Amino acid sequence: MPGVYKFIQASDIPAGGINNFSPLASTHEEFLSSGRVEYAGQPIGIIVADDPLTARSAASRVKVTYTNVQPPLLDTRTAINQKSFFPSQLDPVISGDPDTAIAQSARRLSGSVEVGDQYHFYMEAQSSRCAPNDNGGMDVQSTTQFIDRTTQAVAGLLNIPVNSVNLEVERLGGAFGGKITRNSLVAGACALAALIMQRPVRLVVDIHTNMKTMGKRLPVIGDYEVGFTEEGKLNGIKFAYYADCGHHDIDSGNVFVSKFIDNAYYCPNWNLKIVTVKTNKATNTALRAPEAVPCVYMMETIMEHIAKVLNKDPTEIKKLNLYQKGQFALNGTKLDYCNLTEIVSQIETSSDFEARKRQVAEFNQANRWRKRGISLIPSRYGVAWTNGNYSVFVAVYHADGSVTVEHGGIDLGHGINTKAGQVCAYELGIPLSLVRVKKSSSNVNANSFLTAGSKTTEMNCQGVIQCCQEINARMAPVRQRMATAAWKDIVTECHRLRIDLVAHAFTVPQSVYPCRYDVYMAAVAEAELDVLTGQFQINRVDILYDCGDSMNPEIDVGQIEGGFVLGMGCHLTEYSKFDPKTGVLLTDGTWLYKPPLPKDLPIDFRVALLKNAPNPMGVLRSKTVGEPPVPMSCCTVFAIKHAVEAARAEIGHDTYFTLNSPALLQQVQAACQVDPAQFTLGN
C-alpha cells in the first residue's frame, strides 16, 4: 500500500533479542507472538507507515491463518468448574480455628458474590516515541509508570545494554495501573520499529486496540461461609477468593488479598483460600486499589447478608464488628492507631444519618414506583512501604538561587510534582516559585521503583527531604553568618566558597519509617431508584477521610473525589463482554463500554478530612490518598440495593438476594421483580 514501509513480526527481532516484555518476572510474555496465540487481541505484528490512518488501514488488511483453533475459555465460573488454575498457588491464610467457630456458632450462612473487570480508561493513550541515537542506543519517550522495567524490556528486545536506553517521562494523562507493566509492550514495539527502520517512530495505541490487547482489573468470584452470634458478631469466616488473571498470572497481586478482605471488621477465626484462575483473555493487571475493590465489596456483602438474616440494620452489624485500637488485622498488622469507631460516629453526625434514614423510609412509604436507599460503609486501607526505592535529585543553581527537583516517581495527574515542589520549598525555606520539578528519566533516576500502590508520593517527598537536609547542612555556616541576607545572596556566597549545592537520595522504606500504616475512612451514600426502569441516581455522598496532616488539602480532596467516582464506574456502569466463539472483546469503545460521566456524579458530593489526626508514621505526618477512597465507593451499590429491597418488600418478597458488581441498570431492574400484574390504574 502507498505510504506503508514494513510489516514487522517476531522473526524480525534482532539476534540475541529477548521476545519478552516482562523482564522482571519468570513468566514469559511475548512482544509479538512467535506462533501460539493465547487470546484474541494478542499482538502478532507491527505496521510501519507514514501516518496513523494509513497504518491502521494496512493493519486491517493483514491476512492471518490460524490452525488448531480451540474454543476460548472466558467465563470465570466455568474456568473454576474446569479447574483451570495456574500451577503456582498461594497457601491458605488461616487464623484461629474457623471450622470449629462456624460449627459452634448460633447462626450460620453461606453465599457467593462476584465483582467484574474494569478498563483503566486513562485519557492519554498508551504511546511511545523512539529514535536511534548516535551512540548505538535508543532514545525513548513513553507513557510508563515503571521506567526501570520498561528500560529493561526495551534493552532486552534490542539486545543492547540497559545504559544505551535513554527513557524519559515528563507526566502522564492518567494511568491507574494500566501503564505499569503493559506499557513495556508498547515501548518495546515502538523501539523495535525504530531500530529496524533506523529513524524516529511514534506509536499511539487507539482505544479499540488498547481495550482488546491490554488486560483490565481482575474479575473475582468469592464463595463464603460465615458463623456469627444472634447479635451479629462475627465468629468465623471461610472465604474462597477466585481471581481471573487472564492467560498469565504475572500481575495477579493476590498476595495482597489478605490485606483487604477483612476491611474494617474483626473476626477471630479465618480461612482465606486464594486461587488464580486461567482464561483466554489478555493478562489482567492492577487497576487503582486492585485487590481492595473486590475485597471490600465482598466483605460488605457478607455484613449485609448477616443483617438481612437477623432482620437488623446493616449499620448496627458493622458497628458491632469494627476493629478497635490494638487489635490485629488478618494479615498480622497491629492497629495501634485505629480510629474507626470515632470516624463512623462523626460521619453519622455530620451526614445526619439517622434523620435521613427516617426520611428515606417516609419517601418509600409514600411512593410505589420510586424508592430510595441509604448506606454507610466504613473502610480500612493498609499502606505498605516494603519495596518503594526511589532515586531523588535536588540541585540549587548559584546564578539565581532557583532549584530543580528530579524524583523517581511519575506524575499521573495525582499531584506528586506539586507536593514534591512544596516539600522542597518548605525544607529550604524558600518560595515555591523558585522550585521546578523536571521530568523523570532512566539516567538521573536510575533504579527507581514503579509509581503505584499509594506510596510513591510519600517516598519521593521523603527523598526530597533527605536531599534538602543535606544541602541545608552544607549551607548552615553561611546562613548563620548571613542571617538577614536574601536566599539568592546566600546561595551565591556558598558557590563562591565551593560548597556543593547538589544532593542525591535513594529512599529505602525500612530505614525511614515503619513499613505500614492504615488509612481509616467512611462514606454514606443515598440513592433514588426508578423501579420500573432500573434507572438510578446517587443523590448524595458524604465522605470522612483520615488524611493525617494533609500536604495539600486541595489535591487530596480532588483525589478522594476522583478515586470514589472511579470506583463507582467499576460497581455501577462498566462492563466487558466477549464473543463466546472467538474471544474477541465486544465492548471495545465508548459505544458499549460506559465509564462514569458528569451526570453519574452524586448530585450533592461532600468530602471532609478528619481534623487533628496527625499520622506519626507518615511523611510530614500525612497519609496517602491515591487508592484508599476507591473501595468504599461500593456504598453507592448498597444504597441502590436498599432501594430495591424496599420495592421487593412492598410486594412481599423481602428476602435476601445477592447483587453482583457491576450492578448495571438491567440487573437492578430485574432484582426489583416487577410483574405487569402489579400495574393498576387509579386506586
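Here the structure is shown first, and the text comes after it.
Residues numbered from 1 in each chain as written. Predicted model: local features only at pLDDT ≥ 70, side-chain atom pairs only at ≥ 80, totals over all residues. Heavy atoms only, no water.

1. Some remarks on the pairing of strand β5 (residues 127-132)
With 4 bridges joining them, β5 and strand β8 (residues 201-204) adopt antiparallel strand pairing. Pairing of Cys130 across the sheet is with Val201, part of β8. Examined bridge by bridge, β5 and strand β6 (residues 138-142) share 5 bridges and lie antiparallel to one another. If you follow Cys130 over to β6, its bridge partner there is Val140. Here β5 hands over to β6 after 5 residues, with Gly136 in that stretch at a positive phi of 80°. (Pairing = 2+ DSSP bridges. Helix = DSSP H or I, 4+ residues; strand = E, 2+ residues; numbered from the N terminus.)

2. Re the sheet that holds strand β15 (residues 435-437)
With mixed pairing, the 4 strands of this open sheet are ordered in space as β15-β14-β13-β17. Each edge of the sheet is formed by a strand with only one pairing partner; in this case those strands are β15 and β17 (502-506). Taken over all neighbouring pairs, the strand axes of this sheet differ in orientation by 15° on average, direction set aside. Together, β13 (391-396), β14 (403-406) and β15 form the strand contacts of helix α12 (residues 416-428), whose direction differs from that of β15 by roughly 150°. (Axes fitted to C-alpha atoms, helices over the stretch in contact; angles between N-to-C directions. Contact = heavy atoms within 4.5 Å.)

3. Focus: the packing of helix α8 (residues 292-310) against helix α17 (residues 635-650)
Packed helices, taken two at a time, are described by the angle their axes make and the gap between the axes. It is the contact of α8 with α17, at a shortest axis distance of 12 Å, that shows an interaxial angle of 30°. On the basis of the axis angle, α8 is roughly parallel to α17. The two elements α8 and α17 cross, and the hand of that crossing is right-handed. Residues Tyr297, Glu300, Thr301, Glu304 and Lys308 of α8 lie in contact with α17, whose contacting residues are Val637, Phe638, His642 and Glu645. Looking at the contact of α8 with α17, its residues break down into 3 nonpolar, 2 polar and 4 charged. (Parallel < 35°, antiparallel > 145°, perpendicular 65-115°, else oblique. Left-handed = near helix turned anticlockwise from the far one by under 90°. Nonpolar A, V, L, I, M, F, W, Y, C, P; charged D, E, K, R; others polar.)

4. Some words on helix α11 (residues 353-366)
The end-to-end C-alpha separation of α11 is 20 Å, in line with the 20 Å expected for 14 residues at 1.5 Å each. Buried positions along α11 lie against α9 (314-320), α10 (340-350), β12 (370-384), β18 (516-530), β19 (536-545) and α17. (Expected span 1.5 Å × (residues − 1).)

5. Structural notes on the packing of aromatic side chains
Under the defined criterion, the tally for this structure stands at 12 aromatic pairs. Measuring from ring centre to ring centre gives 6.2 Å for Phe121 and Tyr593, while their planes differ by 10°; the resulting arrangement is stacked. In this pair, Phe121 is assigned in the loop between β4 (107-115) and β5 and Tyr593 in the loop between α16 (553-572) and β20 (604-609), connecting sequence segments 472 residues apart. With a centroid separation of 5.6 Å and an interplanar angle of 75°, the aromatic rings of Trp369 and Phe679 are classed as edge-to-face. In this pair, Trp369 sits in the loop between α11 and β12 while Phe679 sits in the segment after α18 (665-671), placing the two residues 310 residues apart along the sequence. Residue Trp369 is classed as partly exposed on the basis of its relative accessible area of 25%. By relative accessible area, Phe679 is classed as partly exposed at 44%. Members of the aromatic cluster, joined through ring pairs, are Tyr119, Phe121, Tyr122 and Tyr593. Just above the ring of Trp369 sits the side chain of Arg368; from NZ or CZ to the centre is 4.1 Å. Lying across the ring of Phe363, Arg372 places its NZ or CZ 3.8 Å from the centre. (Phe/Tyr/Trp six-rings, centres within 6.5 Å; stacked < 30°, edge-to-face > 60°. Buried < 20%, exposed > 50% of the residue type's maximum accessible area, 1.4 Å probe, protein only. Lys NZ or Arg CZ within 6 Å of the ring centre and 35° of its normal.)

6. Some words on helix α13 (residues 456-481)
Its 26 residues place the ends of α13 37 Å apart at the C-alpha level, agreeing with the 38 Å of an ideal helix rising 1.5 Å per residue. The largest bend along α13 reaches roughly 55° and is located at Met475, with the proline Pro477 sitting one to four residues downstream. (Bend = angle between axes of the 7 residues up to and from the residue.)

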